[in-house]
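# Observations on the three-dimensional arrangement
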Amino acid sequence: MLASANWGLLPGYTVIGITLGGIYALAAIGLVLIYRVSGVLNFAQGAVSMFSAFIAYQVSIVMGYPAVVGLLAAIVAGGAIGYVIERFTIRPLAGRSALNKVVVTIGWLLVLQTAAGLIWGQTAYHRPVLLVSIHGFTFPGTSVVVGWDEFTTIVVALGLAFGTAAVLRWTTFGTSMRAVADDPVAAQLWGINVNRVMAVSWVAGSAMGAIAGVLITPRINFDPISLTLVVIDAFTAALIGRLTSLPWTVVGAMFLGLAETYPRIFSSNAGAGHAVTFALVLLTLAILFRPGARLRQRISVAAREYAPVPAADNVPVRRAVVGISVGIGIVVPLLLSSYYQSLAAYSLIVGLIVLSLVVLTGLVGQISFCQYSFAAIGAFTVGSLVGGHGWSFWPALILGVVFSIGVGVLVGIPALRLSGLFLAILTIAVALFFDKFLLAPGTWDSFSGGVSSWTLGRPSFLGISLAGAYAFYLFTLGVFLVAVLAVWNLSRSKTGRMLRAIRNSEIAAATSGVNVTAWKLTAFGVSAGLAGLAGGLLAPAIGSVSAGAFGFQQSLAVAAIAIVVGVRSVGAAAVGGIFLIFGPELLTHTPLSTLWFPLIVGSILIVQVILTPQGVVPDWQERFRRRFPPAPRFPDTPEPAPAEPLLGLAAAEAPTMVKV
Amino acid sequence: MRERVAIVFMTLNVVATLGLGAAIAYEFGHLGRATASAPATASVEGQAYTSSPGSSSVTGTPSSGSASPAQAVSSGATLGGPTASSANTSSGTKTRPGTKTRPGTKTRPGTKTSSGKPTSSGAPTSTGTTASPATTTTQGAQPGVSGGVITVGGIYDETGPVDATVERDTVRSYFNLVNAQGGVNGHKLQLIDCDSKYDPSSAHQCAQKLISEGVLAIVGWLSLSGEQSEAKFLTDQGVPIIGGLGVPAEYASPLSYPTTPSLVTAGTALGTHAGQMGLKKPGVIFLNANFIQPVKDSLLAAMKKQGITPVDVEQVDATKADYTDIVLKFQANGAQSVAAFVDPFSYARLFQAMARQNWHPPVLGGGLDKASANAQYASGCGSSCAVFGADSATPVLEYLDHQSTPAIAQYLNTVHTYYPGQYGQLDAYSTYQWVAAQVFVQAIKDIGNAPVNRQSLVSALNNLHNYDNGGITPPISYGAGNHDPLHCFQWIHNSNGQWKTTSGWNCFG
């Protein structure tokens with residue numbers, strides 16, 4: 001591979017890498033500013049940039065005003081969106097865990113992405129606003145022409161990075177910002193208006209995102225999704241800057257740009273660069289965010305999470321509810337068309353993926369945005385072995401689940417050192433590694449099918465053909481119920497108590513003799529296995545397996561849905577699956593289209609995290625428990641404590657226990 | 001004990017998964033060696049086309065009226081995009097379509113006959129098909145026909161990197177026009193669409209959905225990554241397909257009725273035209289799609305016949321954002337021209353990278369003539385845009401250059417009336433689907449008062465002979481067996497942002 005490389009391209013590709021680094025730097029600066037001051041990793045930063053860039057597009061391309069006017073409109077819009085996010089959705093979460101706030105920003109990401117798609121169209125057919133000519137100068141020593149727009153991107157990135165660093169260091173307001181960043185309570189005691197400082201950081205960071213959006217769009221696909229993903233790539237640059245140092249973020253961005261570009265000298269596979277990025281994320285997380293690092297301690301304090309022991313139920317009532325639900329699940333699909341029976345089967349399969357999050361997030365408190373990547377392992381193992389090599393479905397499914405468990409454990413190994421935000425970033429890196437490299441055409445086509453899909457039929461089970469929609473639905477219902485029962489038992493067993501103990505306090509659990517490493521890896525393995533099982537079933541359910549069905553966006557959506565329905569309850573799995581599959585279908589029968597679905601999910605996510613952070617299903621269950629209280633075993637036993645929020649407690653209520 | 005079991009199990013898993021990793025590494029490394037930029041030498045039967053470039057070109061502008069149900073053509077609409085020409089046909093000697101223009105070029109008969117009526121021209125008129133559409137439908141039921149409404153389906157990439165909503169709305173526009181005029185034989189027409197998201201699995205789910213909804217047929221679809229597999233699936237399920245992008249699978253079923261030449265033929269046409277243009281040492285770029293290999297083979301084989309050897313062949317994904325690396329590779333490999341077969345937006349990014357690098361070689365590409373994309377091609381590059389001077393081939397009348405031709409004017413005005421927002425997005429691919437809608441309506445008309453069902457539709461389509469759509473394409477005929485009705489292209493050239501037709505129909509195969 002290296003021998004066939006055209007090393008004469010090295011100077012030119014260095015220039016490409018640096019200009020790409022300029023894009024990442026620009027995208028990362030607003031992100032770092034907001035994180036540094038407010039402690040919130042703003043997943044919506046790319047969406048704010050994108051939406052602002054579309055405002056510029058509306059003003060300059062559609063309405064015909066000069067590009068500078070478009071830029072100003074974008075800056076105003078970006079700042080306004082940042083203010084709205086902070087004032088109305090982040091500030092009410094004061095005292096909640098950082099992960100709660102991250103979830104809200106994911107909600108905003110979905111809302112802004114969908115809104116832009118609905119207003120300006122989902123596709124990439126948008127002319128970017130050109131502030132500066134794309135013509136440029138030949139870079140000394142190479143034959144590469146650097147466009148003035150690329151040059152401007154780098155200069156603006158450097159200017160913003162060092163300018164913001166200077167403001168933070170040498171101005172009074174900057175000092176206030178740093179004080180708020182270090183300790184908001186102490187800053188307030190010193191008379192600093194913390195809310196105002198937070199709001200300014202969000203407005204400024206978002207306005208910088210707007211500038212980035214307008215400058216970047218000529219170099220990327222101008223659509224509602226691409227810029228969002230660029231900012232997620234920029235996380236890596238921000239990580240190199242420890243999410244706090246703006247100059248180091250710029251250095252990291254340049255390094256990242258080069259790391260992504262150089263592999264293309266010897267490989268036509270565009271995803272090769274992303275494999276390097278993935279390695280870079282792992283390396284950065286491992287080196288800079290090692291246990292004991294100052295920053296990590298701070299995050300951990302903010303992100304204390306306590307999982308309650310499951311409250312006692314009214315057993316007869318619970319059994320009746322479950323029995324009726326299963327009965328409805330068997331009978332109602334009989335009345336539906338085969339298409340809706342198929343959708344019902346998909347919803348149970350997606351329910352298995354939600355269930356996998358119940359294990360990982362609900363029990364152990366480990367967030368994951370790569371569940372569809374685990375599902376992909378199962379799906380493509382089944383697809384390639386059955387569709388490509390004529391295997392029987394069942395051994396292929398077993399192998400798919402085993403491989404998924406293995407990949408889950410591998411992902412779990414670096415995750416042992418991480419939690420909260422950094423684990424979220426790691427799992428995003430995993431999802432993007434699958435999207436852009438592993439499942440991308442040209443990397444491993446005999447597994448992924450390349451640009452084609454694997455096609456396969458439905459198998460027989462114990463001599464009964466599952467080819468019919470209802471038969472296959474009943475089969476998936478059986479699998480789903482067994483999996484739910486297993487997870488429910490797990491959550492109430494000794495193992496479940498150990499997992500919850502790890503979630504509450506790893507130190508305390510370890511002191512009590514729990515092998516934290518083994519059980520965390522087991523949780524990752526079980527979770528990935530469930531997702532892999534879902535993927536393996538999805539293959540014959542659809543009859544076609546292709547990479548587009550297992551992308552990061554799907555992982556994001558299923559995580560969002562899991563949080564909405566309540567990731568602590570096994571009952572949420574069915575509700576989540578039904579919502580995710582039948583929700584868009586329902587919209588096709590209304591004046592709205594399926595395109596509205598992410599917007600609805602995002603909106604619900606934001607409102608729900610603010611109002612009922614434990615999720616919809618646990619909320620129902622709590623109300624149900626109050627309506628049908630369990631018969632007390634011992635008359636003097638006090639009532640169980642109310643369930644705490646999934647993603648953290650109010651700081652004032654939290655026990656004074658600190659992870660180190 | 002539990003922990004030990006867990007640890008052993010996980011260790012075994014990790015070992016197995018590392019084995020998988022090794023497989024990836026092996027395949028990736030193997031692939032890296034295999035994809036070194038060697039020009040492909042695969043050969044297929046290309047059509048010889050040996051005339052010299054620059055010879056007198058002719059423009060096929062038929063004078064006959066449209067055979068569509070609506071004869072009224074409103075006037076006054078011209079495209080608002082920067083590349084829209086005022087309503088002119090290209091200059092030069094005009095001939096009827098099908099005139100033999102060059103040695104070695106096969107031509108199609110241009111005789112106009114009454115649409116949809118069997119003739120005695122020797123074309124097969126049998127109504128039998130090898131796959132009976134009725135076999136998979138419910139007995140007694142008539143899929144897609146209910147309460148005086150005929151429902152057809154379409155699968156389109158509505159979200160993702162490729163925008164096929166214009167194709168969907170083109171079909172809807174034509175149906176709206178027909179419905180506004182009272183429908184066809186008392187039936188109103190309705191299109192159910194489904195978003196395939198540029199993803200084969202989503203396309204498959206769409207196909208399943210449309211089948212379950214009992215559509216009569218698929219009409220005028222465009223699903224770039226789904227058509228190749230779903231054309232087979234749908235026709236296997238007994239659903240007739242009319243129109244499409246022209247992927248190979250659409251020419252391999254008696255229930256598929258294409259309204260455009262195959263993309264394989266398009267590859268041959270482009271390769272042949274490359275020889276006429278005198279293209280030298282091209283760097284070649286293909287879209288990475290599941291139907292592209294035979295297209296790639298045909299283009300490279302046709303180039304080889306013309307004595308052209310590409311210096312580099314690259315395959316790109318539709319989501320590729322920056323083409324600077326490919327431009328640098330082409331330059332490093334000594335490319336003197338560019339030949340491409342990608343989607344319109346990918347052209348925009350390719351051209352932008354070329355403009356950025358100040359590299360302006362001759363360009364030949366398929367599907368370049370999209371009004372909105374042309375605005376992007378010419379964005380920010382001043383007078384040195386890569387699209388200026390580019391050449392292309394089109395199997396339908398170049399709509400930007402034939403706005404006064406009645407059939408094209410009707411097409412433009414109808415879309416403008418019903419979907420004004422899509423007017424600037426029209427291109428050759430939407431024209432294919434316009435023709436597909438016309439063919440479908442003509443078949444329904446030909447069914448007359450007989451019950452409309454898949455069998456009668458297929459029968460009417462098989463009887464369609466020399467259907468004249470007003471000259472948008474050469475006349476279309478189907479028959480029993482697989483269908484491949486069109487093989488002709490016109491050459492077009494971009495002159496300072498304006499597309500001009502430079503030849504009559506050049507036919508292959």
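Residues numbered from 1 in each chain as written. Chains lettered and ligands numbered in written order. Predicted model: local features only at pLDDT ≥ 70, side-chain atom pairs only at ≥ 80, totals over all residues. Heavy atoms only, no water.

Looking now at the interface of chain B and chain A. On the side of chain A, 70 residues touch chain B, which itself brings 65 residues to the contact. Taken together, both faces of the contact between chain B and chain A bury some 6,000 Å²; the carbon and sulfur share is 59%. At the boundary of chain B with chain A, the tally comes to three salt bridges. The salt bridge partner of Glu-150 of chain A is Arg-356 of chain B, with a shortest N-O separation of 3.7 Å. The interface formed by chain B and chain A holds 10 residue pairs in polar contact (both at pLDDT 80 or more) in total. Looking at the side of chain B that touches chain A, the elements with two or more residues in it are α1 (2-34), α3 (200-212), α7 (324-332), α8 (344-356) and α9 (371-377) of chain B. (Contact = heavy atoms within 4.5 Å. Buried area = accessible area lost by both parts, 1.4 Å probe. Salt bridge = Lys/Arg side-chain N within 4 Å of Asp/Glu carboxyl O. Polar contact = N/O pair within 3.5 Å; in protein donor to acceptor, adjacent residues only side chain to side chain. Helix = DSSP H or I, 4+ residues; strand = E, 2+ residues; numbered from the N terminus.)

Residue and element names in this part refer to chain B. Per the stated rule, a full pass over the model turns up 13 salt bridges over all chains. Measuring nitrogen to oxygen at the nearest pair gives 3.0 Å for the salt bridge that ties Arg-168 to Asp-169. Of the two residues, Arg-168 and Asp-169, both sit in the buried class. Residue Lys-232 pairs with Asp-236 through a salt bridge whose shortest N-O separation is 2.8 Å. On the criterion of helical spacing, the pair formed by Lys-232 and Asp-236 is a turn pair, its members being four residues apart in helix α4 (residues 227-236). (Buried < 20%, exposed > 50% of the residue type's maximum accessible area, 1.4 Å probe, protein only.)

Note that strand β4 (residues 149-156) of chain B and strand β5 (residues 188-195) of chain B share eight bridges and pair parallel. Bridge pairing in β5 of chain B places Tyr-156 of chain B opposite Asp-195 of chain B. (Pairing = 2+ DSSP bridges.)

Residue and element names in this part refer to chain A. The tally for this structure, following the rule as stated, stands at 32 aromatic pairs over all chains. Each ring, one from Phe-472 and one from Phe-475, has its centre 6.2 Å from the other, and the planes form 50°; the classification is tilted. Highlighted residues: Phe-472 and Phe-475, both in helix α20 (residues 469-492), separated by three residues, approximately one helical turn. Phe-472 sits in the buried class, given a relative accessible area of 1%. For Phe-475, a relative accessible area of 11% gives the class buried. (Phe/Tyr/Trp six-rings, centres within 6.5 Å; stacked < 30°, edge-to-face > 60°.)

Residue and element names in this part refer to chain B. As for its placement among the helices and strands, Ser-256 is situated in strand β8 (residues 256-257). At 2.7 Å, the side chain of Ser-256 forms a polar contact with the backbone oxygen of Glu-250. Excluding residues that lie within four positions of it along the chain, Ser-256 makes contacts with Thr-235, Ile-241, Glu-250 and His-483.

Residue and element names in this part refer to chain A. Core analysis: the largest hydrophobic core is formed by 205 residues, its most contacted members being Leu-41, Leu-352, Leu-355, Phe-369, Leu-537, Phe-550 and Phe-552. Take this core: its biggest share by element is 17 residues, from helix α15 (residues 338-363). In contact with Leu-352, other than residues within four places in its own chain, are Val-479, Phe-480, Ala-483, Leu-530, Leu-533, Ala-534 and Leu-537. (Core = buried A, V, L, I, M, F, W, Y, C linked by side-chain atoms within 4.5 Å.)

Quick look at helix α24 (residues 552-565) of chain A now. Residue and element names in this part refer to chain A. In a regular helix each residue adds 1.5 Å, so 14 residues correspond to 20 Å; α24 covers 20 Å between its end C-alpha atoms and thus fits that length. The buried fraction of α24 amounts to 11 of the 14 residues, a majority that puts the element mostly inside the structure. Of all the positions in α24, only Phe-552, Ser-555, Leu-556, Val-558, Ala-559, Ala-560, Ile-561, Ala-562, Ile-563, Val-564 and Val-565 are classed as buried. Looking one or two residues beyond α24, the residue adopting positive phi is Gly-566, at roughly 110°. (Expected span 1.5 Å × (residues − 1).)

Glancing now at the packing of helix α9 (residues 226-240) of chain A against helix α18 (residues 420-438) of chain A. All names here are of chain A. Across the interface, α9 lies against α18 with an axial gap of 11 Å and an inter-helix angle of 125°. Taken together, α9 and α18 sit at an angle that is classed as oblique. The chirality of how α9 crosses α18 is left-handed. From α9, Leu-229, Ile-232, Asp-233 and Leu-239 reach across to α18, where they touch Phe-422, Ile-425, Ile-428, Leu-432 and Lys-436. (Axes fitted to C-alpha atoms, helices over the stretch in contact; angles between N-to-C directions. Parallel < 35°, antiparallel > 145°, perpendicular 65-115°, else oblique. Left-handed = near helix turned anticlockwise from the far one by under 90°.)

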